[in-house]
Amino acid sequence: MRYLILGAGPAGVSAAETLVKADPEGHVTVVGGEPGEPYARMAIPYVLTGKIDKSGTHLRKTPGYLQSLGVTYIEGHVHSAKPCAKTVRLHDGQHLSYDRMLIATGARPVTPDVPGMDLDGVSHCWTLDDADAIAKRAKTGADVVLMGAGFIGCIILEALVERGVNLTVVEAEDRMIAKMMDKTGGELLRRWVERKGVALKTSTRVTEIRRHDGRLAVATDRGGDLEADLVVVSVGVKPNTEFIENKSIAMDGGVTVNEFLRTNTEEIWAAGDVARGPGFGGGFAVHAIQPTAVEHGRIAALNMAGQEVAYQGSLPMNVLDTMGLISASYGDWNAGGDVAVRLDAADWRYTKLAFRDDRLVGALTIGRTDMVGALRGLIQGRVKLGKWKDKLKADPTRTAEALVASFHD
Ligand SMILES: Cc1cc2nc3c(=O)[nH]c(=O)nc-3n(C[C@H](O)[C@H](O)[C@H](O)COP(=O)(O)OP(=O)(O)OC[C@H]3O[C@@H](n4cnc5c(N)ncnc54)[C@H](O)[C@@H]3O)c2cc1C
C-alpha cells in the first residue's frame, strides 16, 4: 500500500509514525512545505524569547527522523491534487501517486485587506522565517504594533513583551481573546495587561500602514497614527486546501471529515488544523491546537491502515498565560442560560460555569490554575451533578469537591 501524507507538522508526523507501525509492509511518503526538520509552530514564541533555539522546535530530536523510520521525505510544495486520478503534482513538476492519502497541510495566517501589508517590517508570526523577521526588529525599546489579540495573538503578545518592546495591541473585537473569554473576563484581562504597560485598543481596526520617516505609520479607524518599528499581524487563519482541484473534496471552513477522519472521497483522510473534525459531545469544528492535530494524525493513520477507530472528539479547551495571568476556556462556555459566576477582581480571579440540565458543559476561568483538572474531569466525564449543581451555583469554585463526590455516587 502506498501512503502519501501532505504536510509535515504535528498531524503529518504523528500519522507517519503510526502508519509505519500499523502497516510495516506499506510505503509512506511525506511532503513538507517548509525547509528543514519538521517543527512545532507552538514553540516559535520560545524561540522569540530565547528560551530555546530553532532546533528546540523540532518535533523529533533525531535529524532525519522520518527517513530513519523508512519514510520517504520530500521537501516540496503541493501545487495540485487530483483525487480522481489519485495523483498529486508538486510545484517543481514532480508527480506523486498514492493508494491512500492524508491531507495534513494545516492552516496559514490571513492577510487582511489593508494597504501596506507587504511593507518591510510587517510580519505574520507563523513560521520560523517569520520568527527571524520579528527578532530582527523586536529589540528592547522598539515600538511594536500587534494586530489581533486572539488566542495566538495573545501568545505572541507574551513573547513580544518578554523581548522588552513598547507594545500596542489593536483588536477589532471589544475584548482580547473574544472567542475564549466573555466580557467580564475580557475586562479583567484588559486591566491586567494595561497595568503591565501594554496599550490595548479594542473595537479598533487598522486601516492602513505606510512608510514614514524610515518607520511605519499605522492608521486606525479611531484616527491618528501609531508609530512602529514592527507590525505583527495575527488576525485569523484559513485552511491550506487551495491545491484540491475542482472542489472535489467537501469543505466547510476546513476539510469535512467523518468520525474516522475520512473525507467524502474514499481514499483520502484529513487531520489537524486543516480538518473540520468531530467535536466533543457532537458536532464538527476546526479545533486548531497541537494536541488535537497529533491525535487526529494518529487516528486517521490507523483508519488508513485498515483499522476502524473512531475519533472520540476533542473538548475545546484553551489555556493561555498572559504576562503571568492564566486564563482558560473549556467546552461550551457560551451555552447561555444556566450559569454560575464568581468574580474576585481584586485577586485577579474569575470563574464562570455553564450548565445544561444536570451537567457542566463549559467553563471560563482566570487566575485559577488549581481548577484545570477538576473542570476537565467534570465536563469530559459528563458527570451528573445531582445536588452538587446547586452547591456549584452558590460557589462555582468548588469543582474539585464536586468531582470527588461523583466518584462515590
Ligand atoms: C505562534 C503560534 C503559537 C501557538 N501556540 C500553541 C499552543 O500554545 N498550544 C497549541 O496547542 N497550539 C498552538 N498553536 C497552534 C498549533 O501550532 C497548530 O494547531 C498545529 O501546528 C497544527 O498542526 P498541523 O500539523 O495540523 O499543521 P501545521 O503545523 O501548520 O503543519 C502543516 C504542514 O503542512 C505543510 N504545508 C502546507 N501547505 C502545503 C502545501 N501546499 N504543500 C506541502 N506542504 C504544505 C506545512 O509546511 C507544514 O509542514 C500555535 C500556533 C502558532 C502559529
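See the structure shown above.
Quick look at the structure, then. Just so you know, the residues in each chain are numbered from 1, in the order the chain's sequence is written. Only residues with pLDDT of at least 70 are given local features in this predicted model, and only at 80 or more are side-chain atom pairs given and counted; all residues enter the totals for whole chains, interfaces and linings. Calculated side-chain values reflect all of the structure's heavy atoms, with hydrogen atoms and water omitted.

1. A short note on helix H8 (residues 372–380)
Taken together, the buried positions of H8 are occupied by Ala374, Leu375, Leu378 and Ile379. Looking straight down H8, one finds that the buried residues subtend no more than 120 degrees of arc, so they occupy a single side. When checking whether two residues touch, look at their non-hydrogen atoms; a contact exists if any pair is within 4.5 Å. Helix and strand assignments come from DSSP, with helices taken as H or I runs of at least 4 residues and strands as E runs of at least 2, each series counted from the N terminus. Where H8 is buried, its residues contact strand E23 (325–331), strand E25 (349–356), strand E26 (359–366) and helix H10 (399–407). Downstream of H8 by a residue or two, arginine 382 has a phi angle that is positive, lying close to 45 degrees. Think of it in three bands: residues with accessible area under 20% of the maximum for their type are buried, residues over 50% are exposed, and the middle band is partly exposed, with areas taken using a 1.4 Å probe on protein chains only. Read the arc as the range of directions from the helix axis to the C-beta atoms.

2. Overview of the packing of aromatic side chains
Planes of paired rings set the category: under 30 degrees apart is stacked, over 60 is edge-to-face and the rest tilted, where pairs are Phe, Tyr or Trp rings (Trp by its six-membered ring) whose centres lie within 6.5 Å. Counted according to the given criterion, the structure contains one aromatic pair. For the pair tryptophan 192 and tryptophan 348, a centre-to-centre distance of 5.0 Å together with 75 degrees between the ring planes defines the contact as edge-to-face. Here tryptophan 192, found in helix H6 (residues 183–195), pairs with tryptophan 348, found in the loop between strand E24 (339–344) and E25; they are 156 residues apart in sequence, far enough to count as distant.

3. Side note on empty space enclosed by the protein
Points on a 1 Å grid, built from protein atoms alone, make a cavity when a 1.4 Å probe fits but cannot get out and make a pocket when they are open with protein on both sides within 12 Å along at least 5 of 7 lines; residues with an atom within 4 Å of a point are the lining residues. Grid points are joined across faces, edges and corners, and a volume is the space filled by probe spheres set on the points. Under the counting rule described, the total for this entry stands at one cavity of 30 Å³ or more. Counted as a void, the largest cavity has a volume near 30 Å³. The wall of the largest cavity is formed by Asp174, Arg175, Met176, Gly186, Glu187, Arg190, Leu200 and Thr202. Ranked by residues supplied to the lining of the largest cavity, first place goes to H6 with three residues. Think of it as three bins: nonpolar holds Ala, Val, Leu, Ile, Met, Phe, Trp, Tyr, Cys and Pro, charged holds Asp, Glu, Lys and Arg, and polar takes everything else, Gly as well. Class assignment for the residues of the lining of the largest cavity results in two nonpolar, two polar and four charged.

4. Section: the pairing of E23
For a regular strand, the rule is simple: side chains alternate between the two faces of the sheet. Summarising burial for E23: six of the seven residues are buried, a large majority. Any two strands with at least two DSSP bridges between them are considered paired. Connecting the antiparallel pair strand E22 (residues 317–322) and E23 is a turn made up of two residues, with methionine 323 showing a positive phi of about 50 degrees. In the sheet, E23 pairs with E26 via five bridges, with the strands oriented antiparallel. In the strand pairing of E26, serine 329 is matched with leucine 364.

5. Here's the deal with the environment of proline 10
When you line up the elements, proline 10 lands in helix H1 (residues 10–22). Taking the C-alpha atoms as reference points, proline 10 and glutamate 158, separated by 148 residues in sequence, lie 23 Å from one another. Not counting chain neighbours up to four residues away, the residues in contact with proline 10 comprise Tyr39, Leu59, Gln290, Ala293 and Val294.

6. Quick look at the sheet that holds strand E7 (residues 100–103)
Read from one edge to the other, the open sheet built from five strands follows the order E3-E2-E1-E7-E19, with strand pairing classed as parallel. This sheet does not close on itself; its edge strands, each paired only once, are strand E3 (72–75) and strand E19 (268–270). Adjacent strand axes in the sheet meet at a mean angle of 20 degrees when their direction is disregarded. Relative to E19, E7 is paired through three bridges, and the arrangement is parallel. Opposite methionine 101, over in E19, you have isoleucine 268 as the bridge partner. Each axis is a line fitted through C-alpha atoms, and for a helix only the stretch in contact is used; angles between axes span 0 to 180 degrees, taken between their N-to-C directions. Most of the contacts of H1 go to strand E1 (residues 2–6), to which it runs at about 165 degrees, and overall it touches E1, strand E2 (27–32) and E7. Against the sheet, helix H7 (residues 290–304) engages E1, E7 and E19, with an angle of about 170 degrees to E7.

7. A few points about the packing of H1 against H7
Between H1 and H7, whose axes approach to 7 Å, the crossing angle comes to 30 degrees. Between H1 and H7 lies a crossing of right-handed hand. Here Pro10, Ala11, Ser14, Ala15, Thr18, Leu19 and Ala22 of H1 come into contact with H7, specifically with Gln290, Ala293, Val294, Gly297, Arg298, Ala301, Leu302 and Met304. Class assignment for the residues of the contact of H1 with H7 results in ten nonpolar, four polar and one charged. Left-handed describes a crossing in which the near helix is turned anticlockwise from the far one by less than a right angle; the clockwise case is right-handed.

8. Some thoughts on the environment of leucine 102
Here leucine 102 lies in strand E7. Separated by eleven residues in the primary sequence, leucine 102 and aspartate 113 have C-alpha atoms spaced 32 Å apart. Apart from residues no more than four positions distant in its own chain, leucine 102 is found in contact with Leu4, Ile5, Leu6, Ala15, Trp269, Ala270, Ala271, Ala300 and Met304.

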